[in-house]
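The lines below spell out each chain.
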Amino acid sequence: MLNFKNEIGTVLGPLVEMSAGEVESYLEIPPDPEMGEYAFPCFVLSRRMKKAPQEIASSLALQIEPGLLLEKTINSGPYLNFYVRRPALAAGIFSQVLEKEQNYGFLSDGEGQTVLIDYSAPNIAKPFGVGHLRSTVIGNSLSRIYRALGYRVVGINHLGDWGTQFGKLIVAFQRWGEQSLLERDPVHYLFQLYVRFHKEADDNPELDDEARQKFRELEKGNKDALALWERFRTLSLDEFQRIYNFMGISFDSYLGESYYNDMLEKTIKLAQEKGLAKESEGALVADLEPYGLPSCLLQKKDGAALYITRDLTAAIYRYETYRFSKLFYVVGSEQTLHFKQLFKILELLGFPWAKDCVHVPFGLIRFKEGRMSTREGNVIFLEDVLDRSIKLARSIIQEKNPDLENKENASQAVGLGAVIFGDLVNDRIKDVEFDWDSVLDFSGETAPYIQYAHARICSILRRAGANFSGDLKTDLHFFNSSSADESAELRKIGEAFNAPEEEQLIITMSRFSEQIRRAGEELKPSILAHYLVNLARDFNKFYHTCPVLTADEKSKTARLLLIQGVRTVLCNGLKLLGIAAPREM
Ligand code: ARG
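A brief look at the structure comes next.

Rules behind the numbers
- Residues numbered from 1 in each chain as written.
- Predicted model: local features only at pLDDT ≥ 70, side-chain atom pairs only at ≥ 80, totals over all residues.
- Heavy atoms only, no water.
- Helix = DSSP H or I, 4+ residues; strand = E, 2+ residues; numbered from the N terminus.
- Buried < 20%, exposed > 50% of the residue type's maximum accessible area, 1.4 Å probe, protein only.
- Contact = heavy atoms within 4.5 Å.
- Areas by Shrake-Rupley, 256 points an atom, 1.4 Å probe, with all protein chains shown as cover.
- Lys, Arg positive; Asp, Glu negative; His and termini not counted.
- Charge placed at Lys NZ, Arg CZ, Asp CG, Glu CD.
- Near = heavy atom within 4 Å.
- Polar contact = N/O pair within 3.5 Å; in protein donor to acceptor, adjacent residues only side chain to side chain.
- Nonpolar A, V, L, I, M, F, W, Y, C, P; charged D, E, K, R; others polar.
- Axes fitted to C-alpha atoms, helices over the stretch in contact; angles between N-to-C directions.
- Parallel < 35°, antiparallel > 145°, perpendicular 65-115°, else oblique.

Overview of the overall build of the protein chain
- Broken down by element type, the protein chain carries 24 helices and 12 strands.
- Each principal axis of the C-alpha atoms in the protein chain carries an extent, and together these give about 85 × 70 × 35 Å.
- Sorting the 585 residues of the protein chain into buried and exposed places 54% on the buried side.
- Here the analysis covers contacts within the protein chain between residues at least 6 apart in sequence; of these, 72% occur between residues at least 24 apart.
- Surface accessibility of the protein chain: about 26,100 Å² in total, with carbon and sulfur atoms responsible for 47%.
- Across the protein chain, the mean location of the 69 positive side-chain charges is 1 Å away from that of the 81 negative side-chain charges.

Some words on the site of the ligand
- In the region of the ligand, the neighbouring residues are Asp118, Ala121, Asn123, His132, His158, Tyr307, Asp311, Tyr329, Val331, Gln335 and Phe339.
- Between Asp118 and the ligand, the recorded distance is 2.8 Å, taken from a side-chain N or O atom to a nitrogen atom.
- In the complex, the protein chains occlude 89% of the 350 Å² of accessible area that the ligand would expose alone.
- The residue makeup of the shell around the ligand, split by class, is 5 nonpolar, 4 polar and 2 charged.

Things to note about the side chain of Ser46
- Structurally, Ser46 is set in helix α3 (residues 43–49).
- Sequence-distant contacts of Ser46, defined by excluding residues within four places in its chain, comprise Lys51, Pro53 and Ile56.

Points about unusual backbone geometry
- In the Ramachandran plot, Glu101 falls in the positive-phi region, its phi being about 45 degrees despite a non-glycine side chain.
- Along the polypeptide, Glu101 turns up in the loop between α5 (86–100) and β4 (114–118).
- Given a relative accessible area of 41%, Glu101 falls into the partly exposed group.

Digging into the packing of helix α9 (residues 186–203) against helix α10 (residues 206–220)
- The interhelical angle for the contact between α9 and α10, taken along N-to-C directions, is 130 degrees, at an axis separation of 7 Å. In terms of orientation, α9 lies oblique with respect to α10. Within the contact between the two elements, α9 uses Phe197, Glu200 and Ala201 and α10 uses Leu207, Asp208 and Ala211.

Structural notes on the packing of helix α6 (residues 131–148) against helix α24 (residues 553–577)
- Across the interface, α6 lies against α24 with an axial gap of 6 Å and an inter-helix angle of 130 degrees. Judged by the angle between their axes, α6 and α24 are oblique. On α24, the residues that touch Ser141, Arg144, Ile145 and Ala148 of α6 are Lys575, Leu576 and Leu577.

Right, here's the structure in full:
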């Protein structure tokens, strides 16, 4: 058995008058591997033992003998730190990899809880610009991370499919539009119309009045206006979905802003009943000044609802539908005030779950061309960014590995991976300066660097050939079929490790689950991104000094198992970032 927590419980329990299970429930994972693999916080004992936790820790440390699995126990302040024997640690990883494979490292912290993630949410009839890239890749990664933590995750794409821009588009299309052009390339064409509208409206302000009028007609359910809106929406959505598919992203719900139109009145009523919505010159306003926030418009003079009214309604609907334990909004930091107001109003409306709504903000993304703005027309299209990245990846791969069979597969994985990782590796709150050379640098802190380490391991495993299938179950029997006790067998293999590079690699690997947990708790995929860079780096150092295929038989087997484990962590970790790990590149 390689259950370290259980072992600690069994050893420590009798000394502190606890059951093994109780001890286990208190065990923590120290932030730094230097402090061992597990820690027991002795302050939970101080009342019962009537002693200071430091004192308890130091006396317990002396009483615990090393064992088969535990190498040493050291007190550190109020904590008792447990160090697992390296061979056993390696064996523990191997047996877990064996058991869980593509789920290796995943946890069940969130069992029975539902988390909603509101992300991507592009605006229909405006192009999917790189501005939405960040929300999309961060939200996708957080969804995967929370699933790996055992939560039920509902990914929601709150499409921007309602609002005055539709009045503008309808006017523009009715004046200048051409069916054939719309059909050929809907998203770009609608965008051109949108830009043209703004240009013409500069000289001819009546256009704006006309657009407002059109939007009012739309809100009243005018058939022609609705038919056009529907058409724009469907065509744009198809286009977005094509891009999501290409990126391997899917949503559980596409309920956009328009979905809530019929429920808005109920929200407004509730706000009035609670005395929150006050009339001001015909409009309805929520006075948030007592709470240190600017007041906020809930309904315009003409009766039109606003972005925030739809968000209030959506939040209530979501709680009623899903009973979420958390609702995350992955939206740029320029909307921080909006979410402060939203959450405050929900709280004032008396919803206790308002405290479970969380804004997950992020900074801007900048290309050399400057910040994009939809109105001006100097927009950078996400698709162009992806195409460019894949093209660059293709030429690098062509140069590095001209004989590679499936170049297209690798180019896509590397090109997409570079863009996604180039975003995620940054602390999300900071602005990102996007630089092609650095995101595609095979030796930098990049996706290609990690993917390359992964592909390299796959190639070693392939070359190990018939003697090593890469399937641990088979391989264990291959090197010693006489042993019935798998974990003893694994521990024996673990004893073959003696190089510091091997030890470092084992330690880094052993931290995987903890990094997933931290990335989830802090809502920062960057934690996982950095971890994977470190793991790939540790692997490269290892491979530099420790030959695998040419090592003696005992080391070779151990090292093959070791890199098989590293491969699994790299692959699973990349998946949590939304990045593919090709086997060859
Ligand atoms: N469509 C909005 C925008 O592009 C983002 C929507 C975010 N989600 C939300 N529930 N407000 O700015």
